There are 2 protein chains.
Amino acid sequence: MTNPQAPQTCDLLIEAGFVVPVEPHGVVLEDHAVAVDGGVILAVLPIAEARARYAPKETVSRPDAALIPGLVNAHTHNPMTLLRGVADDLPLKVWLQQHIWPIEAAVISPAFVEDGVTLAIAELLRGGVTCVNENYFFPDVQAATYRRHGFRARIGLPVIDFPTAWAKSDDEYFDKAGEVHDQWRGDPLVATAFAPHAPYTVNDANFERVRMLADQLDLPVHLHLHETAQEVAQSIDEHGQRPIARLDRLGLINDRLIAVHMTQLTEAEIHLCAERGVSVVHCPESNLKLASGFCPACALARAGVTLAIGTDGVASNNDLDMFGETRTAAILAKTVADDAAALDAFAALRAATLGGAKAIGFDHIVGTIEAGKQADLACVDLSALETQPLHHVVSQLVYATGRHQVGDVWIAGRHKLRERVLVDMDAAGIVANARQWRERIAAVRTS
Amino acid sequence: MTNPQAPQTCDLLIEAGFVVPVEPHGVVLEDHAVAVDGGVILAVLPIAEARARYAPKETVSRPDAALIPGLVNAHTHNPMTLLRGVADDLPLKVWLQQHIWPIEAAVISPAFVEDGVTLAIAELLRGGVTCVNENYFFPDVQAATYRRHGFRARIGLPVIDFPTAWAKSDDEYFDKAGEVHDQWRGDPLVATAFAPHAPYTVNDANFERVRMLADQLDLPVHLHLHETAQEVAQSIDEHGQRPIARLDRLGLINDRLIAVHMTQLTEAEIHLCAERGVSVVHCPESNLKLASGFCPACALARAGVTLAIGTDGVASNNDLDMFGETRTAAILAKTVADDAAALDAFAALRAATLGGAKAIGFDHIVGTIEAGKQADLACVDLSALETQPLHHVVSQLVYATGRHQVGDVWIAGRHKLRERVLVDMDAAGIVANARQWRERIAAVRTS
């Protein structure tokens, strides 16, 4: 028997003015602490009690801050961070065909992917994000880069009907997908998903192959879906069905599906998604900037669909700011639903944390601050002028906080950002490297 | 004759990696300097040339930053900054009648106005804003507070059909308006405007009195207009006309009018506004959060209407972040116009600077970086990870920059923010005071 008086050793005790655990829903715990050991949350309890119960190797005290689950960015193309602002304010076709694709064709390489992901990780950590759902070429390089930086990620295994720098044929896409999946199976931080690009770039046979393999390997399917009205019209032209109906015919409308964008939805489609357990990743700023349309976020959430939030790629957004994205999701939902009570602050924060974790199948390990989960945490300073007076903690977090107010971030209990400083990344080197990419990309554009 | 070789003395030379003057439109000047003397911009010229031509008393060198005109927040209720997040996610009527109005009734006073405006000024300066168009009670206290802090403001003189803490009768509203106007006439920083509250709170007689006095005193008229569908429907019920038609009958649809919100507009109304020289202040985040609707910002701008941007009050927004607001305006305009090229980055920055200055009748003195104008300037660091690589300066400013990247701000040549530090304001004292207001307001709410 252990002595009830003897404090228990643990790696870390984080004491915060406020803890917002997300689960239970709608709760703000004042003057609470989170005890962490071996990367895992041991307990969430009042500070005084925590001091009596634990003998931590390290105590981090943040009386003016709110501790929240690390944010989950549920849709990214992080290598494209190197293309931030390279082309904006253009119709989608011109943007892709005259700018993004020619640049990518000239610069895409393992080095581009590694450097883009590294820049993205630094930006994400400085903004309280601890996990991404990634979607780009060279998933092998991505996985290694996230792992090296101790960052949690679900890595998409791309499938697309035409040859790219990553693979030249259908078989090569699937073979390489299998290899990357094999290599990272069982990793504590990095997992994989199938990432067929979109309904208009993947044929029926490839979708069926994705479905079969995803079932066999028990993987999610990460897919751009119903992003634009044009996509829906084109599908009706080519397949005689809207994309969701076509995917249903192919057996993909199920609880493996992570459906990204979803700006064009009928009532029946919303209810089908709810029934089948489809998760939806809402990327409001990308949808607005590319004039794609409005995702009915509130209607989806009210129907029972798991709602997650993603920034989309930096080439179209142009940042990885999940505070800004969550805020946009929360305010846009109200006008789209014609209801000022739609997607309230607690619901929006939930979508940005637990919603993302659920969508990508990580909710058993992250997404809330609960005993037994991984210690993926962000500590947000609320003492700044910009978040005073502090009438309501979660309102401030969602509606008034800038991501620069994130002071500390942990992933699996490892301190990744300490008082705004990246613990084990060379920020100056990353900026210098981004500047070199700027020159290389400028050279491509003028050549 | 002056010796062409002898450098000219001046107060200040600001050297920046980039100067974005806004006028001429679409221009980014690399490695340029702005010379300032007596609060006025003398010249905008290449750094090397500036060093040869001027002998400044002070040189500020910011090679990694962009110097832009100070942002103009064209619609605020800054005393309400003390109500940040006090009630959110509620239908407008519940929000006003059960939360905001009871709290205001209990706490509104000259001290509330002074302290709210002071907190707002600190927040605005830290976000690159140098000028506001203000709309609240106790304009006398507001004017004195802005003036004391050397902040530029157009102060609304409230007119509303019911008694408030500021005035008890129609005559008292107009008498006090005249007094406040008289007191500040000719001030270099603070001017006034009439601010009849809204079509549903001001009767025809009071609107006619506003029109007559605004003509006599040569003042703008700052008005919430066509904010919601309900406002339009109510006007048709009560007056048999939409609010714009009613105001046209009353002689107010003209180039004095600063029309705020404007989410409900017909084609004909857009063209009427363009013809008559009405300015529109777009408050996209407030409109979204209160589920008011979408202002057709791009259609207005394309019709030739002067488009300005405002945050609205912090009780409904919940911040005074003009970087965020401008970004939201730029991305939302694209989906509303169904055109990804709508309100491009240069046009959005123009709306947030020169557009605001024009709307409130300050464009002869501020809104661009041009010789002869007041030196109201903001310097924005672009070296952070979050704005790298730097492919396009104005894209980064509009789509990727956080307001915390504002390093320096000047108003009329006076340094107000220096490397993120408020020069002549006590930030800690302001936060401490906000915390006291939090306790007072909490006491009201539970009493």
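Residues numbered from 1 in each chain as written. Chains lettered and ligands numbered in written order. Predicted model: local features only at pLDDT ≥ 70, side-chain atom pairs only at ≥ 80, totals over all residues. Heavy atoms only, no water.

1. What to know about the overall build of chain A
Right, on to step 1. Of regular secondary structure, chain A possesses 16 helices and 16 strands.
Right, on to step 2. In summary, chain A has a C-alpha radius of gyration of 22 Å against a globular reference of 22 Å for 447 residues, a match within 12%.
Right, on to step 3. Across its three principal axes, chain A shows a C-alpha extent of roughly 70 × 50 × 45 Å.
Right, on to step 4. Taking as baseline every contact in chain A between residues at least 6 positions apart, the subset at least 24 positions apart corresponds to 71%. (Helix = DSSP H or I, 4+ residues; strand = E, 2+ residues; numbered from the N terminus. Rg over C-alpha atoms; globule rule 2.2 N^0.38 Å. Contact = heavy atoms within 4.5 Å.)

2. Points about the side chain of Thr-76 of chain B
Right, on to step 1. The topology assignment puts Thr-76 of chain B in strand 5 (residues 71-76).
Right, on to step 2. A distance of 3.5 Å separates polar atoms of two side chains, one belonging to Thr-76 of chain B and the other to Asn-78 of chain B. (Polar contact = N/O pair within 3.5 Å; in protein donor to acceptor, adjacent residues only side chain to side chain.)

3. Structural notes on the relation of the copies chain B and chain A
Right, on to step 1. Turning chain B through 180° and shifting it by 0.0 Å along the axis lays it on chain A, with an RMSD of 0.0 Å. In the structure described here, the two chain copies are related by an operation that fits a two-fold rotation axis.
Right, on to step 2. In this assembly, 100% of the residues forming the interface of chain B have copies in chain A that are likewise at the interface, indicating an isologous arrangement. (Least-squares fit on C-alpha atoms with pLDDT ≥ 70 in both.)

4. A short note on the interface of chain B and chain A
Right, on to step 1. With 62 residues of chain B at the contact, the number on the chain A side is 62 residues.
Right, on to step 2. Summed over both partners, the interface of chain B with chain A comes to about 5200 Å²; 57% of that surface belongs to carbon and sulfur atoms.
Right, on to step 3. When the buried area of chain B at its contact with chain A is split by residue, Asp-89, Leu-385 and His-391 of chain B rank highest and sum to 15% of it.
Right, on to step 4. Across the contact surface, chain B and chain A share 10 salt bridges.
Right, on to step 5. The closest approach of N and O atoms between Asp-64 of chain A and Arg-435 of chain B, which form a salt bridge, is 3.4 Å.
Right, on to step 6. Seen at the junction of chain B and chain A, the total is 35 residue pairs in polar contact (both at pLDDT 80 or more). (Buried area = accessible area lost by both parts, 1.4 Å probe. Salt bridge = Lys/Arg side-chain N within 4 Å of Asp/Glu carboxyl O.)

5. Concerning the nonpolar core
Right, on to step 1. Core analysis: the largest hydrophobic core is formed by 236 residues, its most contacted members being Phe-194 of chain A together with Phe-194 of chain B.
Right, on to step 2. For Phe-194 of chain A, the contacting residues outside a window of four places in its chain are Leu-157, Val-159, Phe-174, Ala-177, Val-210, Leu-213, Ala-214, Leu-217, Leu-219, Pro-220, Val-221 and His-222 of chain A. (Core = buried A, V, L, I, M, F, W, Y, C linked by side-chain atoms within 4.5 Å. Buried < 20%, exposed > 50% of the residue type's maximum accessible area, 1.4 Å probe, protein only.)

6. Quick notes on helix 3 (residues 110-126) of chain A
Within an α-helix, residues lying three or four positions from one another point in the same direction, as the helix has 3.6 residues per turn.
Right, on to step 1. Between the first and last C-alpha of helix 3 of chain A there are 24 Å, a value that for 17 residues agrees with the 24 Å anticipated at 1.5 Å per step.
Right, on to step 2. When you tally the buried positions in helix 3 of chain A, you get 14 out of 17 residues, the bulk of the element. (Expected span 1.5 Å × (residues − 1).)

7. Describing the domain arrangement of chain A
Residue and element names in this part refer to chain A.
Right, on to step 1. Taken as a whole, chain A is organised into domain 1 (8-69 + 375-412) and domain 2 (71-359).
Right, on to step 2. Using C-alpha coordinates to define each centre, domain 1 is positioned 29 Å away from domain 2.
Right, on to step 3. Taken together, both faces of the contact between domain 1 and domain 2 bury some 2200 Å²; the carbon and sulfur share is 68%.
Right, on to step 4. Two residues, Arg-350 and Glu-23, come together in a salt bridge whose shortest N-O distance is 2.8 Å.
Right, on to step 5. At the boundary of domain 1 with domain 2, the tally comes to eight residue pairs in polar contact (both at pLDDT 80 or more).
Right, on to step 6. Tallying contributions element by element places helix 15 (residues 393-400) first for the side of domain 1 that touches domain 2, with five residues.
Right, on to step 7. Of the residues in the side of domain 1 that touches domain 2, the class split is 18 nonpolar, five polar and three charged. (Domains from an automatic or database assignment. Nonpolar A, V, L, I, M, F, W, Y, C, P; charged D, E, K, R; others polar.)

8. Remarks on the sheet that holds strand 3 (residues 40-46) of chain B
All names here are of chain B.
Right, on to step 1. Strand order in the open sheet formed by eight strands is 3-2-1-4-13-14-15-16, and the pairing between neighbours is mixed. Each edge of the open sheet is held by one strand with a lone partner, namely strand 3 and strand 16 (421-422).
Right, on to step 2. In terms of strand pairing, strand 1 (residues 8-19) meets strand 4 (residues 54-69) through 10 bridges, oriented parallel. Bridging across to strand 4, Glu-15 finds its partner in Ser-61. (Pairing = 2+ DSSP bridges.)

9. Points about the packing of helix 13 (residues 322-337) of chain A against helix 15 of chain A
Residues and elements named next belong to chain A.
Right, on to step 1. Orientation of helix 13 relative to helix 15, taken along the N-to-C sense of each, is 100°, at an axis distance of 7 Å. Our classification of the angle between helix 13 and helix 15 gives roughly perpendicular. Each of Phe-323, Arg-327, Ala-330, Ile-331 and Lys-334 in helix 13 lies in contact with helix 15, whose residues at this interface are Leu-397, Val-398 and Tyr-399. (Axes fitted to C-alpha atoms, helices over the stretch in contact; angles between N-to-C directions. Parallel < 35°, antiparallel > 145°, perpendicular 65-115°, else oblique.)

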